[in-house]
Amino acid sequence: MAANPETKKKIEEVLRHHFQENAYIDVSDGYQDNIHVIVVSNELDEKSEREKQEILWDLIDDAELPESEKTKISLILPLSRSNLK
Amino acid sequence: MTPFNFGGRTEQLTAALKRLMDARVLMAEERWLGAMYLAGYAVECRLKAKLMEILNVWNLDELESQLARRFRQRLSLRTHELEILMTFLDRLVGIRSRMRKEILRDYTLCSRWQTQFRYSPLDATKYECESFFEAVERFSKFISTSC
């Protein structure tokens, strides 16, 4: 069992549309049909953990996925570049 | 396989409460990552206790056998992965469909927790810790009351 590729594609598109080209975006399979989302971007600098999560969730909400698909997202990892230094 | 230590349903539930209390002590001392490390166990134990409650079993050994039989798959409940435990909970009671926007956000924040936090030489920030705590407390309450 793997995540729905259409759902992953929609999430990735909406994130790529928002973030600059040099952002790292990875939408991948989690356990069974779960989805993991990782974004590394300067735009996430100096934001609190809650704010970073909100930014990504607001963008994902824009993808207009059915709730049943949105709830497959089991991990969101928003990182600023400084988080990785 | 040796039986689980402290794998009883009541033990897991008690551990969930106690690890959260321990975590609060660390948080008050500004030991941010240490606090997050312990708080994450509160969610893990809460999920394991809830799975036992739903299947009406009293320890993790029985739970592991029941889940393996029911879902016809090999599995180990020695896992600390919240995502795996949540997936079983969803397959049993459809918990995902009950997760409203805020809870879903809390869940994905809690899912960042990993037992490897204990090896990290870095600390978390106050804000990371506070956000994580909020999420843990709300999500734990949701698990307790929603199924």
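Up top is the structure.
About the criteria used
- Residue positions are given per chain, counting from 1 as you read along its sequence in written order.
- All chains are assigned letters beginning with A, and all ligands numbers beginning with 1, in the order in which they are written.
- Owing to the predicted nature of the model, reporting of local features is limited to residues with pLDDT of at least 70; listing and counting of side-chain atom pairs is limited to 80 or more, with chain, interface and lining totals taken over all residues.
- The numbering of helices and of strands both runs from the N terminus, where a helix is a DSSP run of H or I of at least 4 residues and a strand a run of E of at least 2.
- Exposure classes come from backbone-placed C-beta atoms, where a residue is buried if 20 or more other C-beta atoms lie within 10 Å of its own, exposed if 12 or fewer do, and partly exposed in between.
- The contact criterion used is a C-beta to C-beta distance within 7 Å, with each C-beta placed from the backbone.
- For this entry, the nonpolar core is defined as buried Ala, Val, Leu, Ile, Met, Phe, Trp, Tyr and Cys residues connected by C-beta atoms within 7 Å.
- The span you would expect from a helix comes to 1.5 Å times its residue count less one.
- In the scheme used here, Gly and all other residues not listed as nonpolar or charged are polar, with Ala, Val, Leu, Ile, Met, Phe, Trp, Tyr, Cys and Pro taken as nonpolar and Asp, Glu, Lys and Arg as charged.
- Axes here refer to lines fitted to C-alpha atoms; in helices the fit is confined to the stretch in contact. Angles between the N-to-C directions go from 0 to 180 degrees.
- Roughly parallel means an angle under 35 degrees; roughly antiparallel means over 145; roughly perpendicular covers 65 to 115; every other angle is labelled oblique.
- By definition, turning the near helix anticlockwise from the far helix through less than a right angle yields a left-handed crossing, and turning it clockwise yields a right-handed one.
- Two strands are said to pair when DSSP picks up at least two bridges between them.

Student: Tell me about the overall build of chain A, and please be specific about residues and values.
Tutor: Assigned secondary structure in chain A consists of three helices and three strands. Reading chain A from its N terminus to its C terminus gives the helix and strand order α-β-β-α-α-β. Overall, the C-alpha framework of chain A stretches about 35 × 25 × 25 Å when taken along its three principal axes. Here chain A holds 85 residues, and the buried ones make up 34% of them. The contacts of chain A with a sequence gap of at least 6 include a subset with a gap of at least 24, amounting to 67%.

Student: Now, about the nonpolar core: what can you tell me, with residues and values included?
Tutor: Of all hydrophobic cores here, the largest spans 42 residues; its most connected members are B:Met36, B:Ala39, B:Ala42, B:Cys110 and B:Val136. Looking at this core, the elements that each hand over two or more residues are helix H1 (9-28), helix H2 (32-55), helix H3 (60-71), helix H4 (82-93), helix H5 (101-110) and helix H6 (126-146) of chain B. In terms of residues, this core owes the most to one element, H2(B), which gives 14 residues. In this structure B:Ala39 touches B:Arg19, B:Leu20, B:Ala23, B:Phe132, B:Phe133 and B:Val136, once residues within four positions along its chain are discounted. A:Ala3, A:Phe19, A:Leu56 and A:Leu75 belong to the second-largest nonpolar core, a separate cluster that totals 14 residues.

Student: Let's hear about H6(B): which residues, and what values?
Tutor: Helical periodicity: at 3.6 residues per turn, an α-helix aligns residues three or four positions apart in one direction. With 21 residues, H6(B) should cover 30 Å at 1.5 Å per step; its first-to-last C-alpha distance of 30 Å lies within 8% of that length. Among all positions of H6(B), only B:Glu128, B:Cys129, B:Ser131, B:Phe132, B:Phe133, B:Ala135, B:Val136, B:Phe139, B:Ser140 and B:Ile143 are buried. Residues of H6(B) that are buried make contact with helix H2 (49-62) of chain A together with H1, H2 and H5 of chain B.

Student: Explain the interface of chain B and chain A to me, and be specific about the residues and the numbers.
Tutor: Many analyses report the size of an interface as the accessible area lost when the parts associate. Of the residues lining the interface, 18 residues belong to chain B; the matching set on chain A comes to 17 residues. Of all the secondary structure elements, the ones that give two or more residues to the side of chain B that touches chain A are H4, H5 and H6 of chain B. Class assignment of the residues belonging to the side of chain B that touches chain A gives a composition of seven nonpolar, five polar and six charged.

Student: Describe the environment of B:Glu11, naming the residues involved and giving the relevant values.
Tutor: By the secondary structure assignment, B:Glu11 is in helix H1. Residues B:Glu11 and B:Leu67 lie 56 residues apart in sequence; the distance between their C-alpha atoms is 20 Å.

Student: Can you lay out the environment of B:Trp32 for me, pointing to particular residues and giving the numbers?
Tutor: Residues and elements named next belong to chain B. Structurally, the position occupied by Trp32 is in helix H2. Between the alpha carbons of Trp32 and Cys129 there is a distance of 5.6 Å; along the sequence they are 97 residues apart. Setting aside chain neighbours within four positions, we find Trp32 in contact with Asp123, Ala124, Thr125, Lys126, Glu128 and Cys129.

Student: Account for the packing of helix H1 (residues 5-18) of chain A against H2(A), naming residues and giving values.
Tutor: All names here are of chain A. Following both chains from N to C, one finds H1 and H2 inclined at 120 degrees, their axes separated by 9 Å at the closest point. Overall, the two elements H1 and H2 adopt an arrangement that is oblique. The hand of the H1/H2 crossing is right-handed. Of the residues in H2, those touching H1 at Ile11, Val14, Leu15 and His18 are Leu59, Ile60 and Asp62. Taken together, the residues of the contact of H1 with H2 break down into five nonpolar, one polar and one charged.

Student: Break down the pairing of strand S1 (residues 24-29) of chain A for me, with residues and values.
Tutor: Residues and elements named next belong to chain A. Where S1 and strand S2 (residues 35-40) come together, six bridges link them in antiparallel fashion. Its bridge partner lying in S2, Tyr24 is registered against Val40. Here S1 hands over to S2 after five residues, with Gln32 in that stretch at a positive phi of 50 degrees.

Student: Please give an account of the pairing of S2(A) that cites residues and values.
Tutor: Sheet analysis places S2(A) next to strand S3 (residues 73-79) of chain A, joined by six bridges and oriented parallel. Among the inter-strand pairings, A:Ile38 is bridged to a residue of S3(A), identified as A:Leu77.

By themselves, these figures tell us nothing about what the structure is for.
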